[in-house]
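Okay, here's what each chain looks like letter by letter:
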Amino acid sequence: MRQSELDSALPWPIKHGAKDVAARAVAHLDRAMAHHGVAVEPPGRRWSIFQGVQSGADAYTARVRRRLTTEVKRRPELYGAKTGEPILELPPGREGQAPWAEQPELLARTPESRAIMYGAIDDRDYTSIVWIGREDVVSDRVVAALERWRPVLATRAEFARNSRRRWFETAWPRDKDELRAPKVIALAVEGLVRAIAANRRALLCASRVCEERRRGSTVRSSG
């Protein structure tokens, strides 16, 4: 494509050639929406579009450590905390252990990005996000399990500026009723929807996954 033919309002040709799958898919959808009677519509017309759960501290990463003062880092590291250790994003199987098994409603099971395929989800490839909202009742055992991370969790930006929030809550728990309902999950990579799968099992998703739910109706998958 010639430089003179590029249109800033239509950025697809900049990253993708006319024969690439993404460009062909967009062209196909544009043509479909131009014809009445075709079962295609813009997502914003009759769909609720929202992101998934964001903990604000999935793991004790190098990025998280860089934002902490020496004093804040001292306490978790006295407990033996290592870079990369999970904080609020727990590995598979942890949901069956104490204290999480006692309050399973405080975990959001979320598929890994690679587990979302065209029309299907591999539910064996997942993590569990600690999912504590402002109104949730939390046992002392759950609070104790997170205590070693208190200095890290309490200094998240959303909590540092809002003293009414409990330090162990999830940063953005979202609307739990919406997240528990059937939905279509669209995985976007660099602005492109890479895979879409209908979810009837209330599998939840983290921030890297965009979720959509049909307003006033139930999303169903085939098969």
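Residues numbered from 1 in each chain as written. Predicted model: local features only at pLDDT ≥ 70, side-chain atom pairs only at ≥ 80, totals over all residues. Heavy atoms only, no water.

(A) Quick peek at the packing of aromatic side chains. All chains considered together, the criterion is met by 2 aromatic pairs. Ring geometry for Tyr 60 and Trp 149: centres 5.3 Å apart, planes at 50°, overall tilted. Here Trp 149 lies in the loop between α6 (140-146) and α7 (150-154) and Tyr 60 lies in the loop between β1 (47-51) and α4 (62-67), a separation of 89 residues in the sequence. A residue is classified by how much of its surface remains accessible, and Tyr 60, at 0% relative accessible area, is buried. Given the relative accessible area of 3%, Trp 149 is considered buried. Pairing Trp 167 with Phe 168 gives two aromatic rings, centres 5.3 Å apart and planes at 85°, and the pair type is edge-to-face. According to the relative accessible area criterion, Trp 167 is buried, its value standing at 11%. Its end group placed over the ring of Tyr 126, Arg 109 keeps NZ or CZ at 3.6 Å from the ring centre. One residue, Lys 176, lies across the ring of Trp 131, its end atom 4.3 Å from the ring centre. (Phe/Tyr/Trp six-rings, centres within 6.5 Å; stacked < 30°, edge-to-face > 60°. Helix = DSSP H or I, 4+ residues; strand = E, 2+ residues; numbered from the N terminus. Buried < 20%, exposed > 50% of the residue type's maximum accessible area, 1.4 Å probe, protein only. Lys NZ or Arg CZ within 6 Å of the ring centre and 35° of its normal.)

(B) Representation of the environment of Gly 84 within the structure. As for its position among the elements, Gly 84 is in the loop between α5 (70-78) and β2 (89-90). Residue classification places Gly 84 among the partly exposed residues on the basis of a relative accessible area of 48%. Spatially, the C-alpha atoms of Gly 84 and Val 64 are 9.8 Å apart, while their sequence positions differ by 20 residues. Dropping the residues within four chain positions of it, Gly 84 is found in contact with Ala 59, Tyr 60 and Thr 61. (Contact = heavy atoms within 4.5 Å.)

(C) Expanded view of the nonpolar core. Judged by nonpolar contacts, the single largest core of 23 residues is most densely connected at Tyr 60, Ile 87, Ile 132 and Leu 146. At the level of secondary structure, the elements contributing two or more residues to this core comprise α6 and α7. When near neighbours in sequence (up to four residues on either side) are disregarded, Ile 87 contacts Ala 57, Asp 58, Ala 59, Tyr 60, Leu 146, Trp 149, Val 152 and Leu 153. Residues Phe 50, Ala 108, Ile 129 and Leu 179 belong to the second largest nonpolar core, which totals 6 residues. (Core = buried A, V, L, I, M, F, W, Y, C linked by side-chain atoms within 4.5 Å.)

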